[in-house]
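A look at the structure
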Amino acid sequence: MISLALALTLAPMDLAFVEPLTLTTGLILEAKYEPSSDRFCLSVEDFAPLKVELEGAVETIERERSVCKARVKRAQEDAEASVKQLRADHASLQESFKTQGIALDEARFDMRLWRASAVGVLVLGGIALIVIATR
């Protein structure tokens, strides 16, 4: 008796119900739930408009994909051109940096030479004044 009651409570109930599906075109289809297969099923009449809408959606997606591919390709080409320009600018700036560094080193050498010359002139001038003053 208990096994019969348990079997009745665990047996799937006939839960056939209808779920409305609204397409983007505004068309409303009805999908019937089939408990034996645990799926929603459409009638042939309802399947045809759904198939047409899905095909249209796939075509739209393919068009958008091609547009996106074109944008990505254009962006890659622009980026490659920018990178080439930046590399050329970088190379010219490095060359400029090297030449300015060499010029700076030469200017420092010249400054040290003039400083040493000035110190030499002052020292010799001071010695000459001392010699003149002591005579």
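An account of the accompanying structure is given in this report.

What counts, and where the lines are drawn
- Residues numbered from 1 in each chain as written.
- Predicted model: local features only at pLDDT ≥ 70, side-chain atom pairs only at ≥ 80, totals over all residues.
- Heavy atoms only, no water.
- Helix = DSSP H or I, 4+ residues; strand = E, 2+ residues; numbered from the N terminus.
- Areas by Shrake-Rupley, 256 points an atom, 1.4 Å probe, with all protein chains shown as cover.
- Pairing = 2+ DSSP bridges.
- Axes fitted to C-alpha atoms, helices over the stretch in contact; angles between N-to-C directions.
- Expected span 1.5 Å × (residues − 1).
- Buried < 20%, exposed > 50% of the residue type's maximum accessible area, 1.4 Å probe, protein only.
- Contact = heavy atoms within 4.5 Å.
- Lys, Arg positive; Asp, Glu negative; His and termini not counted.
- Salt bridge = Lys/Arg side-chain N within 4 Å of Asp/Glu carboxyl O.

**Describing the overall build of the chain**
Regarding its fold elements, the chain presents 2 helices and 3 strands. Start at the N end of the chain and walk to the C end: the helices and strands fall as α-β-β-β-α. Per element, the accessible surface of the chain, about 12,000 Å² overall, is 65% carbon and sulfur.

**Some words on the sheet that holds strand 2 (residues 28–34)**
Within the open sheet, the 3 strands sit side by side as 1-2-3. Their pairing is antiparallel. Edge positions in the open sheet fall to strand 1 (18–22) and strand 3 (39–41), since each of these has one partner strand only. The average undirected angle you get between the axes of adjacent strands in this sheet is 40°. Here 3 bridges tie strand 2 to strand 3, and the two strands are oriented antiparallel to one another. Paired with Lys-32 across the two strands is Cys-41, which belongs to strand 3.

**Describing helix 2 (residues 44–134)**
Its 91 residues give helix 2 an end-to-end C-alpha distance of 130 Å, which sits within 8% of 135 Å, the value for a rise of 1.5 Å per residue. Turning to helix 2, its buried residues are Asp-46, Leu-50 and Glu-53. Residues of helix 2 that are buried make contact with strand 2.

**Things to note about the side chain of Asp-46**
Relative to the helices and strands, Asp-46 resides in helix 2. Nearest to the buried, unbridged Asp-46 among oppositely charged side chains is Lys-32, at 12 Å.

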